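Here are the chains, one letter per residue:
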Amino acid sequence: MAADDLASETWLTAATKIADFTGTSDEFAGWLFGIARLQRRNAVRRTSRRRTTPATIDTLDLTTREHAGDAGATSESESWITWLLSHLPERERQVVACLDVVGLDAAATGVALRLSPGAVRVAHHRALKKLRALGADLS
C-alpha cells in the first residue's frame, strides 16, 4: 500500500471514529498512530493473501493450445483467454472482468453486480482457482 493511500485510509477511519475518542492532544497522536499501524498491518495481510506472480502474454505457450481457434478474437492469445473464460459460470466471469479487466475493487464490483463485497471476493477466488486448474490441465 502506498504511503498516501495509507494516510487516506487512516484519516478516513479516524474521521469515522473521532466521536468515540476522549483524551488529550498527546493521546490523540497515539490514537491516530495506532489506527495507522492497524491499517498498515491489514494492508500487509491483504497483500500477502493476494500475492501473484504476473506473467506476460509472451511467456504463455499459446502454440500448443488446441482450443484457441475462436474466430471472433483478434489474436491467438485473446481467443485462448476467451476460451478459458468461457469455462467459468457467468457470475464468476463477470467478477473476473470487473476486477481484473476493468480494475474495479470488490466494493464497486459488488455494487455493479448486486453482490456483497464478500461474495465478490469468494467468486473471484473460485474463478481463479478454476482457471489455474484448467491451465494446469492444458500444460
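A short tour of the structure in this document, coming up. Residue numbers restart at each chain and count upward from 1, following the sequence in its written direction. In keeping with the model being predicted, local features are shown solely for residues with a pLDDT of at least 70 and side-chain atom pairs are shown and tallied solely at 80 or more, while totals for entire chains, interfaces and linings include all residues. Excluded from the side-chain calculation are hydrogens and water; included are all heavy atoms of the structure.

## What to know about helix H2 (residues 25-49)
For an α-helix, 3.6 residues make a turn, and residues three or four places apart therefore share a direction. To keep it simple, the criterion reads: Counting from the N terminus, the helices are the DSSP runs of H or I reaching at least four residues and the strands are the DSSP runs of E reaching at least two. The span expected for a helix works out to 1.5 Å for each residue beyond the first. Summary of the burial criterion: residues with accessible area below 20% of their type's maximum are buried, those above 50% are exposed, and those between are partly exposed, where the area comes from a 1.4 Å probe applied to protein chains only. By the convention used here, residues are in contact when the closest approach between their heavy atoms is within 4.5 Å.
For H2, with 25 residues, the first-to-last C-alpha span of 36 Å sits near the 36 Å given by 1.5 Å per residue. The complete set of buried residues in H2 reads Leu32, Gly34, Ile35, Ala36, Gln39 and Ala43. Its buried side turned inward, H2 meets helix H1 (3-17).

## A word on a nonpolar patch on the surface
Which entries qualify depends on this criterion: Patches here: salt-bridge-free residues with over 30% relative accessible area, like charges joined within 9 Å, nonpolar side chains (Val, Leu, Ile, Met, Phe, Trp, Tyr) joined within 5 Å. Each accessible area is a Shrake-Rupley result for a 1.4 Å probe, and residues are judged covered by the shown protein chains and nothing else. In what follows, salt bridge is the name for a side-chain nitrogen of Lys or Arg lying within 4 Å of a carboxyl oxygen of Asp or Glu.
On the surface, a nonpolar cluster with roughly 280 Å² of combined accessible area is contributed by Val101, Val102 and Leu104. Note that Val101 resides in helix H4 (residues 90-102).

## What to know about the environment of Arg132
Structurally, the position occupied by Arg132 is in helix H6 (residues 117-138). Expressed as a C-alpha distance, the spacing of Arg132 and Leu84, which sit 48 residues apart in the sequence, is 9.9 Å.

## Considerations on the environment of Val122
Within the fold, Val122 resides in helix H6. Accessibility expressed as a relative area gives 39% for Val122, which makes it partly exposed. Once the C-alpha coordinates of Val122 and Val95 are considered, the two residues, 27 residues apart in sequence, prove to be 9.7 Å apart.

## Some remarks on the side chain of His124
Rules: Whenever a nitrogen or oxygen atom comes within 3.5 Å of another N or O atom, the pair is scored as a polar contact, on the condition that within protein one atom can donate a hydrogen and the other can accept it, and that pairs from neighbouring residues in sequence are kept only if both atoms are in side chains.
Note on placement: His124 falls in helix H6. Assessed through its relative accessible area of 15%, His124 is described here as buried. In terms of polar contacts, His124 uses its side chain to reach the side chain of Asp100, at 2.8 Å. Those residues in contact with His124 that sit more than four places away from it in its chain are Val95, Val96, Leu99 and Asp100.

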